[in-house]
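Analysis of the macromolecular model
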Amino acid sequence: VSGSDPRVLPVDQSIAESDLIGDAAVLDDTWRDKPGLWGWLCAVDHKTIAKRYIVTAFLMFIAGGIEAALMRLQLARPENTLIGPDRYNQLFTVHGTTMMFLFAVPMMTAMGLYFVPLMVGARSIAFPRLNAFGYWTYLVGVVFLYVSLFSNTGPDTGWFAYVPLSGPAYSPGHRVDVWAQLVTFTEIAALCGAVNIIVTAFKLRAPGMSVNRIPPFVWAQLVVAFMIVFAMPAVATGSTLMLAADRAVNMHWFNPAEGGDALLWQHIFWFFGHPEVYIIFLPALGMITPIVETFCRRQVFGYTAIVAANIATAFFAFGLWVHHMFATPIPELGQSLFTAASMVIAIPTAVQIFCWIATMWAGRPRLTVPMLFVLGFLFTFINGGITGVMLASVAFDKQAHDTFFVVAHLHYVLIGGGLMPLFGAFYFWFPKITGRLLGEALGKVHFWLFVIGTNVTFFPMHILGLNGMPRRIYTYLAPSGWGPLNLVATIGALTIATAVLVFLINVVRSLRVGDVAGENPWRSSGLEWATTSPPPSFNFVHTAVVHSRHPLWETTVELEVVSGLRTDRREILVTTTFDAHLDARALGPEPSIWPLYVALCMGLLFIGSIFSPYFVLAGIGASLLGLLGWGWESTRDVEVERVALPDGALVEQV
Amino acid sequence: MHSLFDPASPQARAVASLWWWMAGVGGVIWLGVAALAVYAAVRGRGTRAADDLMHIPAESHRRIEHVVTAGVVITVLILAGFLTYDFSVGRLLAQHPQRALTIDVTGHQWWWEVLYEDPDPSKRIGTANEIHVPVGEPVQFKLRAADVIHSYWAPNLNGKRDLIPGYVSTLWFKADTAGVYRGQCAEFCGLQHAGMAFYIIAEPKVKFAAWLAAGSTPPDPPTDPALRYGMRVFMSSGCAVCHSIGGTDARATVGPDLTHLKSRSSIAAGMLSNTRANLTRWIENPAAIKPGVRMPAVPFSPADREALVSYLETLK
């Protein structure tokens, strides 16, 4: 045992040697969540939590999809009477809210919570209990919104909830309160996920995985986690402190009659709302790189450019919120700055697209389903990107703003840029999560139905918008001439629904009779493929030592590993932020009920606050009690012990 | 009649040309890059056996580098060209005329209040949901919101402008083709956001002047006893609580001004054509046509309703 060898941690001599040998049975005993209902409620394994997130978020995708299908049925012909305005307004509000807050962001976060620890070669996520707390908070929000919808209290002022329409004077009752508090739940959950991903990506990377070797998906998740940290507080402040306070205790933040400002809400909302798009979009781009690399059998062209593009996008994303407000009385000169910023942000995305095409060009692509979805992404997203640049023009946006042109644009961007890579990622990583491959034949049916359905639904909407059809209308008159194209769009929507149904059948079928995947079915290069499928509770028997960006493509023999981590307790290896030198040995927490308890108390606080301020006191009191319990557990479980290593010991070796 | 593709003002025309340029260039880029991607994905299939070659060889790497750099530079140049073009159109739209006919437009849930200001109060004209403008003259709208945010948008004439409580926004255009142009509220404003349309009637200057003159003279009070009874129904049954009719005691401004109701082609903010039958239907139960509408269904006897409609039909 030598202090200067990167692969061997200095060990307290009193520990039995048997506890240091990578023994799967001992490790599983240490890391496994406990059995039974209580164990289920106390689970902290990041893969368990992430799977719950993925399943819940996908259910939300289906719910949002059903809402969309209902709206399309209503709009299929002029003066249709299937759904009245009251129900329609709830549907489109809940559709937008569900897709943005309860599906897209949690789903992207969930993929990160599952894969970031695996990709960086860690035993666990940085803060497992915080992670569980994030999920429970999110679940409370999900249940809350849908119970409200089914009791005819669904929010009905749009997912953007513009004041004064959403204020106390024009939206009495509790519908908007539901929206404002739902946002709070999802913000808290997103922040928990973001903090976890930042610390995991910075501190738990395998030795040798310096910043220039971080997998592109982890980079994307890291960048997005920072975006969440900066963007979410804006909307949390706006919705929880300001809108809810306006509604509950007449704070008049947004009431012009009392010195408030109705436009202020739009600034706050879009300061969050625009980065939100990139919070969905960047992780999706991060999924594309490993898919392209794996199926073209080439290292991606322009790793540095791709990472830099991610970071640049994140910066610009905070500088173009006003392009959602070009029709407001903001002066032209001020608006032109945001026009320029909105165009500039197209450049980093173009860089990434060219890099992927170059990788395909240089490689030998195999058109598997994930790869088809990458092509689907390029075809669909580029259209959305181009209409996005068009909408950056103030003059054109004043025509197209708040019309079906924008509906077309945003769905091309979010379905093309978010969903298609996500579906590709499902096919790519499904074998890792479940141990079985998804069927290729059904996958191809799913792909073609989905791409065709998307374009048939949304392409006609460009023309509808330019022909004068505004957004968020529950009906239109026959002389408008909007009927035929709306019917086409509805047929397209039903095609999308069929595609999703095919995907679900594929999932159910593959879970039962799909081909067994093995460790690395695609012969991919990332560390997540260096363990069994599905991964064990402790992720890896041994912690790998990394020498390149593509650990599994570089070694012809077994991966080099670190020894010296104890297996009889939850020891995690901590490395330095930039160079990933050995830094410390941390002890992770045991399963705990407190995350669930505190999440429920917060639910009591925020949901109760709609009805009576006393619930705020009760919720805070009960939460504090839970946090005490949580903290007491931490004093028992969690410790961090610095590893005594000479500086730079690792870097010479790797 | 309601489209960006059919511009009727220099302002809308400039934006329409901008659109066609963007659509042309954008379409070429879209299909070009997509075709490139598909070609890149299928060209090398099965031809090269170098499956274990994970690195891109240095020499082809350099070549690819040049191509990718060129692609990015072209992207930047196209964006720069587009930005310049856009700013020039923006500048054209932002150049407000020295002098223009100013019309006050106020958005309500869910109709448009229109007021032609005049220093002489007797020449002030109030109307609703139909805005007459002269062809060839610059017109400026002063836009306000009475309750929630609305957005004025008549695509044939110019882009949209939000009406925000606490703000006065302006929008101007110069119609150069006579015609009737439909517009509709573009900012979600509640239950009847879909039922909030309006018409811009662009007519030659002489005709417009005649309309303006007629507008400032209220119709004569009816002399026929049946019509006088209808008027009494209007004044005593709650109609006058919200509506005004010039030359009478009805001066409320909650609902649309009805002084020249029958000079308008539609009622209920563009939802129904202005026929006697539709007017009757509307008064009978407004919510059946516009669910959520603020106007209540007043329980008239059939005879009273007939008399009321007959009176309203005289408001030419």
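Our subject in this report is the structure included herewith.

So, how was this worked out
- Residues numbered from 1 in each chain as written.
- Chains lettered and ligands numbered in written order.
- Predicted model: local features only at pLDDT ≥ 70, side-chain atom pairs only at ≥ 80, totals over all residues.
- Heavy atoms only, no water.
- Helix = DSSP H or I, 4+ residues; strand = E, 2+ residues; numbered from the N terminus.
- Expected span 1.5 Å × (residues − 1).
- Bend = angle between axes of the 7 residues up to and from the residue.
- Buried < 20%, exposed > 50% of the residue type's maximum accessible area, 1.4 Å probe, protein only.
- Core = buried A, V, L, I, M, F, W, Y, C linked by side-chain atoms within 4.5 Å.
- Contact = heavy atoms within 4.5 Å.
- Pairing = 2+ DSSP bridges.
- Axes fitted to C-alpha atoms, helices over the stretch in contact; angles between N-to-C directions.

**Some details on helix α7 (residues 216-249) of chain A**
All names here are of chain A. Here α7 is 34 residues long and its end C-alpha atoms lie 47 Å apart, about the 50 Å a rise of 1.5 Å per residue gives. Of all the bends in α7, the greatest, near 30°, is centred on A231, and the proline P233 appears no more than four residues after it. Counting buried residues in α7 gives 25 out of 34 residues, a clear majority hidden from the surface. In the segment just after α7, N250 is the residue with positive phi, at about 50°.

**Digging into the nonpolar core**
Counting residues in hydrophobic clusters, the biggest one holds 276 residues, and the most contacted among them are F396(A), F141(B), Y152(B) and I200(B). If we ignore the near neighbours within four places in the chain, the residues touching Y152(B) are W112(B), F141(B), L143(B), G159(B), K160(B), R161(B), L163(B), L171(B), F173(B), F198(B) and I200(B). By size, the runner-up hydrophobic cluster in this structure holds 25 residues, among which are A197(B), I245(B), L272(B) and F300(B).

**Some remarks on the environment of L487(A)**
Within the secondary structure, L487(A) is located in helix α16 (residues 483-513). Residues L487(A) and P78(A) lie 409 residues apart in sequence; the distance between their C-alpha atoms is 9.5 Å.

**Regarding the pairing of strand β3 (residues 571-575) of chain A**
Residue and element names in this part refer to chain A. Burial of β3 is extensive: five of the five residues sit out of reach of the surface. Here β3 shows a buried face lined by E571, L573 and T575 and a second buried face lined by I572 and V574. Relative to strand β4 (residues 582-587), β3 runs antiparallel, the two sharing five bridges. Residue pairing for β4: I572 is matched across the bridge by A586.

**Description of the sheet that holds strand β4 (residues 130-134) of chain B**
Residue and element names in this part refer to chain B. The three strands are arranged β4-β10-β9 in an open sheet whose pairing can be described as mixed. Each edge of the open sheet carries a strand with a single partner, namely β4 and β9 (179-184). Pairwise comparison of adjacent strand axes, ignoring direction, gives a mean angle of 25° for this sheet. Note: β4 against strand β10 (residues 197-203), five bridges, orientation parallel. Each bridged residue has a counterpart across the sheet, and for P134 the counterpart in β10 is E203. Packed on one face of the sheet, helix α3 (residues 205-215) meets β4 and β10 and runs near 135° to β4.

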